[in-house]
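# Summary of structural features
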Amino acid sequence: MKILLIETATQICSVALALDGRIAVRRDSDTPNAHSTRLSVFIDEVLKESYLQPRDLDAVCVSAGPGSYTGLRIGVSTAKGFCYALGIPLISVPTLLSMAALYSLKHPEYKGLICPMIDARRMECYTMIVKGEMEILRDTHADILDDASHLSLFTSYLDGGEVMFIGDGAEKTRDLLGIHPNAHYDSTFRLSAEGMLQLAEAKLKAGQTEDVAYFEPFYLKDFVAKKSVVHGLR
């Protein structure tokens, strides 16, 4: 199977080409606000480096969110365009689950829970709790980390065993949860499209594809348009 993997839910813009269960080529950039300029270039590069044409693809998988409104729109619209033009399936993978899958892939020795976290600004984070073979114990939530009820929820998981906090929102929990012996942090973790590989292949084999016409990213929070501060605009 040849699957194009697209990750644009956060500041990271990542594209990978999966060939029969392995990542053949990958491109990543953490340059802010560069998804619109880098994504198409990366797709072209990974295809050319693999000596493939778009028509050779079996499916396209996109990170479904939550995350950056703009990043998600760019990634999903690009994925839809490929799938519609080529007549191939569209697959979506929850961004937080993809993060957990990537950490598990890189650290097979770790057997505790994984809490992927995406910074949603101020003291809010998008979170999920994942166990073992990508079993979701707590699905995607927007948690306010200075709220006592949310902190007690994380503490209840920590009291039961080790929890690895990963992602750009993880550092927000370090001071709030105190020095809990079961709380661990991986500051080296970096999101990439590689984490989507096994999830995408499993979905494609199971026929769990999206409707290209109607699929929308999982924003979790509504987009709020701000009033322009440019002089002369209202």
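Here the structure is a predicted model, which is why all the values come from computation and not from measurement.

Cut-offs and rules
Residues numbered from 1 in each chain as written. Predicted model: local features only at pLDDT ≥ 70, side-chain atom pairs only at ≥ 80, totals over all residues. Heavy atoms only, no water. Pairing = 2+ DSSP bridges. Helix = DSSP H or I, 4+ residues; strand = E, 2+ residues; numbered from the N terminus. Axes fitted to C-alpha atoms, helices over the stretch in contact; angles between N-to-C directions. Buried < 20%, exposed > 50% of the residue type's maximum accessible area, 1.4 Å probe, protein only. Polar contact = N/O pair within 3.5 Å; in protein donor to acceptor, adjacent residues only side chain to side chain. Contact = heavy atoms within 4.5 Å.

A few words on the sheet that holds strand 2 (residues 13–19). Spatially, 3-2-1-4-5 is the arrangement adopted by the 5 strands of the open sheet, whose pairing is mixed. Both edges of this open sheet fall to strand 3 (22–29) and strand 5 (90–93), since each of them pairs with a single strand only. Sheet twist, expressed as the mean angle between neighbouring strand axes with direction ignored, is 20°. Sheet topology note: the strand 4 (residues 59–63)/strand 5 ladder contains 4 bridges and is parallel. Looking at the pairing, Ser-63 lines up with Val-93 of strand 5.

Looking along the chain, the bond that leaves Gly-65 and enters Pro-66 is cis, with omega of 10°. Here Pro-66 is to be found in the loop between strand 4 and helix 2 (69–86). Phi angles above zero are rare outside glycine, and Asn-33 is one such case at about 55°. Tracing the chain through its elements places Asn-33 in the loop between strand 3 and helix 1 (35–49).

Inspection of the secondary structure assignment puts Ser-14 in strand 2. Judged by relative accessible area, which is 0%, Ser-14 ranks as buried. A distance of 2.8 Å separates a polar atom in the side chain of Ser-14 from the backbone nitrogen of Ala-193. In this structure Ser-14 touches Leu-5, Ile-6, Glu-7, Arg-26, Arg-27, Asp-28, Ser-192 and Ala-193, once residues within four positions along its chain are discounted.

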